[in-house]
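# An overview of the molecular structure
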Protein chains: 2
Amino acid sequence: MTTPSPLSALTTRNTRLFTLLLERELKKTGLRIGQLPVLQALQDGKTLNQKALADFADIEQPGMTTLLVRMERDGLIQREPDPTDRRSTLVTLTSDGQRKSRNIVPVMEHLTDIALKGFTPLERNILVTLLERINSSLKEQL
Amino acid sequence: MTTPSPLSALTTRNTRLFTLLLERELKKTGLRIGQLPVLQALQDGKTLNQKALADFADIEQPGMTTLLVRMERDGLIQREPDPTDRRSTLVTLTSDGQRKSRNIVPVMEHLTDIALKGFTPLERNILVTLLERINSSLKEQL
DNA sequence: ATAGAATACATAACATGTTATGTATATGGA
DNA sequence: TCCATATACATAACATGTTATGTATTCTAT
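Cut-offs and rules
Residues numbered from 1 in each chain as written. Chains lettered and ligands numbered in written order. Predicted model: local features only at pLDDT ≥ 70, side-chain atom pairs only at ≥ 80, totals over all residues. Heavy atoms only, no water. Buried < 20%, exposed > 50% of the residue type's maximum accessible area, 1.4 Å probe, protein only. Helix = DSSP H or I, 4+ residues; strand = E, 2+ residues; numbered from the N terminus. Expected span 1.5 Å × (residues − 1). Arc of directions from axis to C-beta. Domains from an automatic or database assignment. Contact = heavy atoms within 4.5 Å. Buried area = accessible area lost by both parts, 1.4 Å probe. Polar contact = N/O pair within 3.5 Å; in protein donor to acceptor, adjacent residues only side chain to side chain. Near = heavy atom within 4 Å.

What follows is about unusual backbone geometry. The backbone of Asp58 of chain A sits at a positive phi, close to 65°, despite the residue not being glycine. The class for Asp58 of chain A is partly exposed, based on a relative accessible area of 29%. At Asp44 of chain B, a residue that is not glycine, the phi angle is positive and equals roughly 60°. In this fold, Asp44 of chain B is placed in the loop between helix H2 (36-41) and strand S1 (48-49).

Listed below in structure tokens is the structure:
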């Protein structure tokens with residue numbers, strides 16, 4: 001899309017392209033982008049309930065519920081009742097989830113290297129700083 | 001989400017926040033984000049077929065079809081057969097679509113001002129340049 | 001101790017996108 | 001001319017997210 005705002009057009013295009021390439025890379029490992037925050041949050045055998053996962057992934061609770069249903073169906077995670085709180089469901093990675101999650105970091109690093117090709121360390125820092133300032137300003141408006 | 005890549009985490013977060021605020025602003029005018037490219041492409045009485053709109057919005061054809069079905073249902077656009085090509089459907093804005101589309105640019109400018117609060121012109125230029133370089137690098141990988 | 005608020009989860013309806021596939025029409029080359 | 005191919009659109013199945021709402025459980029303040 002060509003928007004009236006060069007800035008948001010650029011960051012949106014940026015995110016879209018990165019997401020596209022990431023999705024393509026992840027397909028090789030049988031993962032989907034939406035699953036990444038869950039896999040990351042549960043690395044190293046960690047256990048979290050669904051609310052904590054929704055908070056971590058920055059999505060609403062119903063979205064996390066349906067995501068986890070699909071991930072359980074696909075054998076990536078396990079869900080079991082929290083013995084200390086009967087409202088709560090504890091989520092852990094299966095061994096297959098653990099194994100597949102180990103592919104994520106190398107893929108992200110590879111794509112980041114591609115995105116920042118030719119950037120000096122100074123340019124990387126400037127970019128990060130500017131983006132952080134924008135995020136700050138936007139967050140204030142929430 | 002906190003990803004292993006500070007860069008993509010930042011741009012993704014950036015896009016997400018901007019989208020959130022934009023969606024909130026647009027709600028006041030009865031529009032949705034997905035509709036923006038269509039409204040923009042058809043401004044000033046322009047007529048395009050569905051394929052051209054999909055290309056402009058950078059989404060696949062079936063996605064555009066369902067979007068246009070909803071927009072027609074909501075009275076934003078009109079669809080009629082192309083007399084010169086019976087495969088093709090010509091899309092135009094209704095007067096309500098025209099009217100609502102005029103709110104878009106001010107909203108985008110307002111949000112961009114918020115996002116870039118405190119930026120000097122130089123900083124704006126640097127940011128745009130760096131993002132364009134990233135977009136270039138990513139596009140090469142497609 | 002208990003009533004009311006808060007919390008965790010599920011479900012439904014929907015928006016927005018994807019890929020895969022089918023149908024109808026148009027077009028270009030033998 | 002006519003066949004193969006390309007093009008425009010629709011439909012289906014699905015992923016991923018939203019808001020609104022319901023249910024069950026827990027917590028808190030009286």
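All names here are of chain B. Between its terminal C-alpha atoms helix H7 (residues 121-140) stretches 29 Å, which fits the 28 Å expected from 20 residues at 1.5 Å a residue. Those residues of H7 not exposed but buried are Leu127, Leu130, Leu131, Ile134, Asn135, Ser137 and Leu138. An end-on view of H7 places all buried positions within 165° of arc, on one side of the element. Within H7, the exposed residues directed more than 90 degrees away from the buried face are Pro121, Leu122, Asn125 and Glu140.

Moving on, we come to the domain arrangement of chain A. Residue and element names in this part refer to chain A. Partitioning chain A into domains gives domain 1 (1-30 + 103-142) and domain 2 (32-99). Centre-to-centre, using C-alpha coordinates, domain 1 lies 25 Å away from domain 2. Facing 7 residues of domain 1, the contacting portion of domain 2 comprises 6 residues. Its largest share of buried area at the contact with domain 2, domain 1 owes to Glu23, Leu26 and Ile104, together 60% of the area lost on that side. Put simply, domain 1 and domain 2 have 1 residue pair in polar contact (both at pLDDT 80 or more) between them.

In the vicinity of DNA strand C there are 23 residues, among which Gln50, Lys51, Gln61 and Thr89 of chain A together with Arg32 of chain B approach most closely. Of everything in DNA strand C that lies within 4 Å of the protein, sugar and phosphate atoms constitute 69%. Between DNA strand C and Lys51 of chain A there is a distance of 2.6 Å, counted from a phosphate oxygen to a backbone nitrogen or oxygen. When contributions to the surface near DNA strand C are tallied by element, the ones reaching two or more residues are helix H3 (50-57) and helix H4 (61-73) of chain A together with helix H4 (61-73) of chain B.

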